[in-house]
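# Commentary on secondary and tertiary structure
One-letter residues, chain by chain:
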Amino acid sequence: MCFEIGDFSLNNFSLEVKKGTYFVLTGANGSGKTTLIKLIAGIYSPLSGGITINNVDVKKIPPWKRNIGYLPQEGLLFPNRTVKENIQFPLEVRKIPKSEVIKEINAVAEMLEISELLNRKPEGLSGGEKQKVCLARAIVSKPDVLLLDEPVSAIDEKSKYAYCQKLKSLQRRLKITTLHISHNKTETELVADEVGIMPERKGVETQLSS
Amino acid sequence: MLNNFTKKFDAVLTVPLVFYVVVIVGLIISATVKITPDKVTSTFANPAIWNSALRSFTTSIISTLLVVIVAVPAGYILSRQRIKAAGFFDSIIDLPIVMPPLVIGLCILIFFSSTNVGRFLDRGLAQWLAELTGRKASSSGFFIFNVGGIIAVQFVVGCAFAIRVIKSGFDEFDHRLEDLAMTLGASPWKSFFKVSLPNTMPAIIAALVITWARVFGLFGPIQLLCGTMRFKTEILPTSIYLEYSIGNLNGALVLGVFMILTSIITIAVFKQIGGNKSKI
């Protein structure tokens, strides 16, 4: 796959993540990890090559039909919606019946221990809380692929690694193929089935985690 | 606190602001103190004034609603810069803002009186509708010397202002939230209505108020296209002109203050609706 945006380009880039795997991608800042996630999510389109999810080339499938869960780096939440309404968003746009929506929201909130935040607005949340809500919103619709862009960067040091273990057990339970971007070695070791190292502006090397 | 170090700087910069506020408040007070209850009663005793006020409110509200229908999508598409000719469209939008309003009125008059499309829209359509409904065709058209012309002028002048305000609202809104909404399963339409629109509502409300206030007081181009006919095309600004031209300065003054008060009340109401996030 090749891609260009402004001065930045990814050339002859290829990466394969096996179904059901927790894959961690590491690499230097500016090497294109976030760009890669945005390409898979459909926010950007590759110049050449393709993106295959479950043996289907999704290059021409718009982002809203890819069934992807995306957690952006900044913990972006819709500011006009409460936490509950944020988590509800993917179910709402898929027109899931209300009774089921409430059940799913409560289940995911309980799983991530954010039930007490449900009626709050995003502006009062800490960075870590925002990331947890983003994760809940990303997984509530049971996506085929979960894209996590530094999902624990705002979680406090004390609970970061417990949260990583939770992420791992969550992925195991939901069996979602996961691509996780991280700069942290301990975090990577805790969650990864496989690790890929992305050299600056070149192809990606993949290797099994120890 | 930083405030302690910037006190002198802030004080100097406040002087021009205070000067302008004094000018505005002074002008309003000087007009208001001249008004007595007798003058108000005698001005509003004239049924033509009530008719004019009603026409002013209905035309300005209709044109503002038309403006919002056009300005919201236009402001959005200009803000996102995804279309090739965005820069060209952007420059054209500025024209009604920089053009003298009278010239806009003249251009609209020429369009409806001298072009085939304009003539059809003005008279042809009126005749066709008259035939369709079995009524007698009116000698005048929809726009020239008619209420349709008031709305047309208000729309053309007001739309540019509204697009500018709404575009800046969309510019300020983090467009990554729209991308995010799409990855969560929302089509561009759903993303627009569920994410972009609710989050830019303060800017849209501000545009609504600014547009309404602008077109409510519009005079020159409306007079040019629609004339100043009592009980037909008279609106409050033309009433002021008519009262003044017949030497009734008190009547003109009462109507002027009435328009000022109406604008102040409208802005206050919309500020209340917009809350702390109000852009007005």
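Cut-offs and rules
Residues numbered from 1 in each chain as written. Chains lettered and ligands numbered in written order. Predicted model: local features only at pLDDT ≥ 70, side-chain atom pairs only at ≥ 80, totals over all residues. Heavy atoms only, no water. Helix = DSSP H or I, 4+ residues; strand = E, 2+ residues; numbered from the N terminus. Lys, Arg positive; Asp, Glu negative; His and termini not counted. Charge placed at Lys NZ, Arg CZ, Asp CG, Glu CD. Contact = heavy atoms within 4.5 Å. Buried area = accessible area lost by both parts, 1.4 Å probe. Salt bridge = Lys/Arg side-chain N within 4 Å of Asp/Glu carboxyl O. Polar contact = N/O pair within 3.5 Å; in protein donor to acceptor, adjacent residues only side chain to side chain. Nonpolar A, V, L, I, M, F, W, Y, C, P; charged D, E, K, R; others polar. pLDDT = per-residue confidence, 0-100. Axes fitted to C-alpha atoms, helices over the stretch in contact; angles between N-to-C directions. Left-handed = near helix turned anticlockwise from the far one by under 90°. Buried < 20%, exposed > 50% of the residue type's maximum accessible area, 1.4 Å probe, protein only. Core = buried A, V, L, I, M, F, W, Y, C linked by side-chain atoms within 4.5 Å.

## Brief notes about the overall build of chain B
Looking only at helices and strands, one finds 14 helices and zero strands in chain B. Helices (α) and strands (β) of chain B occur, in sequence order from the N terminus, as α-α-α-α-α-α-α-α-α-α-α-α-α-α. Each principal axis of the C-alpha distribution contributes one length, and for chain B these read about 60 × 55 × 30 Å. Of the side-chain charges in chain B, 23 are positive and 13 negative, and the distance between the mean point of each set is 2 Å.

## Focus on the interface of chain A and chain B
Counting residues at the interface gives 22 residues for chain A and 18 residues for chain B. For the pair chain A and chain B, the two sides together bury roughly 1,900 Å², of which 66% comes from carbon and sulfur. Three residues, Trp-64, Leu-76 and Val-93 of chain A, lead the burial of chain A against chain B; their summed loss comes to 31% of the area buried on that side. The tally of links from chain A across to chain B stands at two salt bridges. Glu-92 of chain A is paired through a salt bridge with Lys-194 of chain B; the nearest N and O atoms lie 2.7 Å apart. For the pair chain A and chain B, the number of links is six residue pairs in polar contact (both at pLDDT 80 or more). Among the elements of the structure, strand E6 (68-71), helix H2 (83-93) and helix H4 (127-139) of chain A are those that each provide at least two residues to the side of chain A that touches chain B. If you tally residues by element for the side of chain A that touches chain B, the top one is H2 of chain A, at four residues. Considering only residue class, the side of chain A that touches chain B consists of 15 nonpolar, one polar and six charged.

## Brief notes about the confidence of the model for chain B
In low-pLDDT segments, the atomic positions of the prediction should not be examined closely. Scored by pLDDT, chain B has a mean of 89; 95% of the residues are at 70 or more. ipTM for the predicted complex: 0.88, alongside a pTM of 0.84.

## A look at unusual backbone geometry
Of note in the backbone geometry, Lys-142 of chain A takes a positive phi value of approximately 50° without being a glycine. Considering the arrangement of structural elements, one finds Lys-142 of chain A in the loop between H4 and strand E7 (145-149). A positive phi angle, near 55°, is found at Phe-145 of chain B, a position not held by glycine. Along the chain, Phe-145 of chain B turns up in the loop between helix H7 (116-133) and helix H8 (147-172).

## Points about the confidence of the model for chain A
Residues and elements named next belong to chain A. Mean pLDDT over chain A works out to 88, with 92% of the residues at or above the 70 mark. Mean pLDDT values for the elements of chain A range from 45 in strand E10 (residues 205-208) up to 96 in H2. In the predicted structure, residues 205-210 sits below a pLDDT of 50 and forms 16 contacts with residues beyond four places in sequence or in another chain.

## Comments concerning the packing of helix H4 (residues 47-80) of chain B against H8 of chain B
All names here are of chain B. In contact at an axis separation of 6 Å, H4 and H8 are set at 35° when each is read in the N-to-C sense. In this structure, H4 crosses over H8, and the sense of that crossing is right-handed. Within the contact of H4 with H8, the residues separate by chemical class into 18 nonpolar, seven polar and four charged.

## Considerations on the pattern of salt bridges
All names here are of chain A. Taken as a whole and judged by the stated rule, the model has 16 salt bridges over all chains. The partner of Glu-104 in a salt bridge is Lys-142, and the shortest N-O contact between them spans 2.9 Å. With Glu-104 in helix H3 (residues 98-111) and Lys-142 in the loop between H4 and E7, this residue pair connects regions lying 38 residues apart in the sequence. Its relative accessible area of 48% is what places Lys-142 among the partly exposed residues. For the salt bridge of Asp-193 with Arg-172, the shortest nitrogen-to-oxygen distance reads 2.7 Å. Placement of Asp-193 in the loop between helix H6 (185-191) and strand E9 (194-198) and of Arg-172 in helix H5 (residues 157-174) is noted, with a sequence separation of 21 residues between them.

## Some words on the nonpolar core
All names here are of chain A. Grouped together as the largest cluster of nonpolar side chains are 36 residues, with contacts concentrated most on Ile-87, Val-108, Leu-112, Ile-114, Val-133, Leu-135 and Ile-139. The biggest single contributor to this core is H4, with six residues. The residues touching Ile-87, leaving out its near neighbours within four places in the chain, are Ile-105, Val-108, Ile-114, Leu-118, Val-133, Ala-136, Arg-137 and Val-140.

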